[in-house]
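Fold and contact review
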Amino acid sequence: MAGRINDDDVKAVRDAVPIDAVVSEYLQLRNAGGGNLKGLCPFHDEKSPSFQVSPSKGLFHCFGCQEGGDTIAFVMKIDHLSFSETVERLAAKASITLRYEEGGYNPSHQRGERIRLIEAHQAAAEFYVRALESPEAEIGRTFLAERGFDQDAAAHFRVGYSPAGWDHLTRYLRGKGFSDKELITSGLSQDGRRGPIDRFRGRLMWPISDTAGDIVGFGARKLRDDDNGPKYLNTPETPIYKKSQVLYGIDLAKKDIAKASRAVVVEGYTDVMACHLAGVTTAIATCGTAFGNDHIKILRRLLMDNGSARVIFTFDGDSAGQKAALRAFEDDQKFAAETYIAIAPDGMDPCDLRLVKGDDAVRDLVEPRTPLFEFALRQIVGRYDLETPAGRAAALDEAAAVVAKIKTSSVQREVAVQLAGLVGILDQEFVVRRVAQLAHWARNKGGDQGDRGGRGGSQGRGPRGGTPQQSAPAPAFSGPALNLRSPAHRTERELLKLALQRPALVSPAFDAYGVDEFTAPPYAAVRRCIEEAGGAEQGIADDRAYLGAVLDAAPDNTVRSLVTELAVEVFIGKTIDETYAGVQLVHVRLRAVDRRIADVQSSLTRLGSNVAPHELAAAQSEVWVLQQYAQNLRVHGAAAL
């Protein structure tokens, strides 16, 4: 049984691995002000970035879906890992040797399933690369050479070769300590009559990595005529490999995609190689499946999906390529980026084009030429005889139904006008109305499932139009929802942000504030967490340890999410100093004093003549003292606290 990871080692991992470096492996981050970074949330769909990272605090928070936490929480969530698997993975990045409470130093049998499967793939990739140098792999080296790829190119893309025997890799990985169960689960081996055998045999091998750079699968190309398998054989679906969620070359291209706000989608492994070697380092490809929703999500996070971003699809000019282009157009509206299509002369793919015409031709190919919607509509319209009224009507019916799927009304109208020109209908407004009518019918038929997700949860900031999986958890506090227009709630929020982000500015005064001084139940819950963590003064000496203690004190994910939100949210004020902090402290305290005065006076009014003389005197004295205190706060500010 694996021991519990030593707490000091967990803290060392948290401190050693910067959260912005980890998050940047999955999405593009930009300056959000106040020392924070922002990007498109990887946990829910959104059009504008509401996901923020605070490098100084080591925290992230999404203001759209309320996900938040530290580096470990981010990796656990995005890669579906257990706590121990995540710590082990981050420890490996930071070269930290972990200790376990029951003794031992990171033994392999204690490592989580995902870590083990990735390690198996890494070992397999190294095995395949070495095998490419063997005499048997001459056929593979020839294949690469005939397509313009030398030894350096093969090494750069870690291309390898799987020996033709039954169990060369299986025996090798067994020798590395991997169990038969792990080899079958990984997809590297499969069941044979006498035990596991290699899944890939006698093929050229391309390692497929995820966005973080971990090898999660392989693409294998047939080389011999006596191989009865498919031309390309990919890793089957496994716990770490989902073909609809991986893009070949994304690990090599992601930085340039983010930098240039451009991605080039090609159709095969050799096309990716050809593009990168020709200088088009933003090229990626799907792995045995059509370009779909999950691929779009990956690219959107890297592109930041701004209006200047571009996605260029390259498809063969044959019928299959045209169908692929039409499928891509179906998803076009899910990008904020502009989408284009590039088809090489004579229907050549980028690999062939590079061989025949050189690197310059590949670079010229992917310079945006034809908007994807225009290409798609031309393909549809081209199937009809536009010389006849019946042909024009049929072309309009099919193409208009496609244009009607565009959700943005201004874009829909613009494309409808262009469709009128393609079909040869002079009355543009007729086509615009026809498209709008089809869109209206489609909405009514589908029960318009638009963004109905209101500002849910007790925080009034629920997920946007969410699916059930994105719904905020039930709140751990009772009371009315936050009203961020309320001056009291705004001030309480600012004070809690100061206590979490700039504790030195509000200490020690803040720690004397009672939970009941925060009128919003969610804020009272956060105040209680700070109290249980030892108070804001704890944050002066060790900011990250303090925030970790506050998060640990949270009773559930709802409160924990609010803590991370407040810990990364930008302040309302422009200058955050002692004066600003003093104003928030005074306003929160002053409102609490005024509420107490009102409560006492209300009680006296209700009791009337039934109040005992000594109780009346005590109450009047309390009111007088509180009124004097309130006056001092108004006149002298924070000095009167």
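This write-up is about the structure you can find in this document. (Residues numbered from 1 in each chain as written. Predicted model: local features only at pLDDT ≥ 70, side-chain atom pairs only at ≥ 80, totals over all residues. Heavy atoms only, no water.)

Re the overall build of the chain
We apply this condition: Segments assigned H or I by DSSP are reported as helices when at least four residues long, segments assigned E as strands when at least two residues long, and all are numbered from the N terminus. For the exposure calls, accessible area comes from a 1.4 Å probe over protein chains only, and a residue counts as buried if that area is under 20% of its type's maximum, exposed if over 50%, partly exposed in between. Residues count as neighbours in contact if any of their non-hydrogen atoms are within 4.5 Å of one another. We get accessible surface area from the Shrake-Rupley algorithm with a probe of 1.4 Å; when it comes to residues, only the shown protein chains can shield them.
In terms of helices and strands, the chain carries 27 helices and 16 strands. By residue count, 50% of the 641 residues in the chain fall in the buried class. Pairs at least 24 apart in sequence give 66% of the contacts found in the chain among residues at least 6 apart. Working note: accessible area of the chain is about 29800 Å², and carbon and sulfur atoms make up 50% of it.

Concerning the pairing of strand β9 (residues 203-209)
Filter applied, for reference: Think of it this way: DSSP has to see at least two bridges between two strands before they count as a pair.
For β9, the tally of buried residues reaches seven of seven residues, placing the bulk of the element in the interior. Note that strand β6 (residues 160-162) and β9 share three bridges and pair antiparallel. The partner of G160 across the bridge, within β9, is M205. Bridge count between β9 and strand β10 (residues 215-222): seven bridges; the pairing is antiparallel. Among the inter-strand pairings, R203 is bridged to a residue of β10, identified as K222.

Focus: the side chain of Q28
Applicable threshold: Any pair of N or O atoms that falls within 3.5 Å is considered a polar contact. Within protein, one atom must be able to donate a hydrogen and the other to accept it, and sequence-neighbouring residues count only if both atoms are side-chain atoms.
Residue position: Q28 is located in the loop between α2 (19-23) and β1 (30-33). In this structure the side chain of Q28 is engaged in a polar contact, spanning 2.6 Å, whose partner is the backbone oxygen of L302. Ignoring anything within four residues of it in the chain, the contact list for Q28 reads K38, G39, A258, R301, L302, L303 and M304.

Describing the packing of aromatic side chains
The condition that has to hold: Any pair of Phe, Tyr and Trp rings, taking the six-membered ring for Trp, is counted once the centres come within 6.5 Å. Such a pair is stacked with planes under 30 degrees apart, edge-to-face with planes over 60 apart, and tilted for the rest. Placement of a charge over a ring requires the Lys NZ or Arg CZ to be within 6 Å of the ring centre, with the centre-to-atom vector within 35 degrees of the ring normal.
In the structure shown here, the tally under the stated rule is 16 aromatic pairs. Sitting over the face of the ring of F43, K77 holds its NZ or CZ atom 5.8 Å from the ring centroid. The lysine or arginine in question, R147, covers the ring of F143, its NZ or CZ lying 3.6 Å from the ring centre.

Remarks on the nonpolar core
Test applied: As used here, the term nonpolar core means buried Ala, Val, Leu, Ile, Met, Phe, Trp, Tyr and Cys residues forming a set that is joined through side-chain atoms within 4.5 Å.
L144, V159, L204, W206 and Y248 are the most contacted members of the largest nonpolar core, which totals 45 residues. By residue number, the principal contributor to this core is helix α11 (residues 269-277), which donates five residues. In contact with L144, not counting residues within four places along its chain, are L132, F149, A154, V159, L204 and W206. Within the second largest apolar cluster, 40 residues are counted, among which are A533, V550, V559 and L566.

Some details on the sheet that holds β1
Strand pairing in a sheet relies on backbone hydrogen bonds. The paired strands run either parallel or antiparallel. Operational definition: To get an axis, fit a line to the C-alpha atoms, keeping to the stretch in contact for a helix; angles then go from 0 to 180 degrees between the N-to-C directions.
Strand order in the open sheet made by the five strands is β1-β2-β3-β4-β5, with antiparallel pairing throughout. Two strands bound the open sheet, and with one partner strand each, they are β1 and β5 (68-70). Each adjacent strand pair in this sheet contributes to an overall mean axis angle of 25 degrees, direction not counted. Pairing analysis gives four bridges linking strand β3 (residues 51-54) to strand β4 (residues 59-62), with the strands arranged antiparallel.

By themselves, these figures tell us nothing about what the structure is for.
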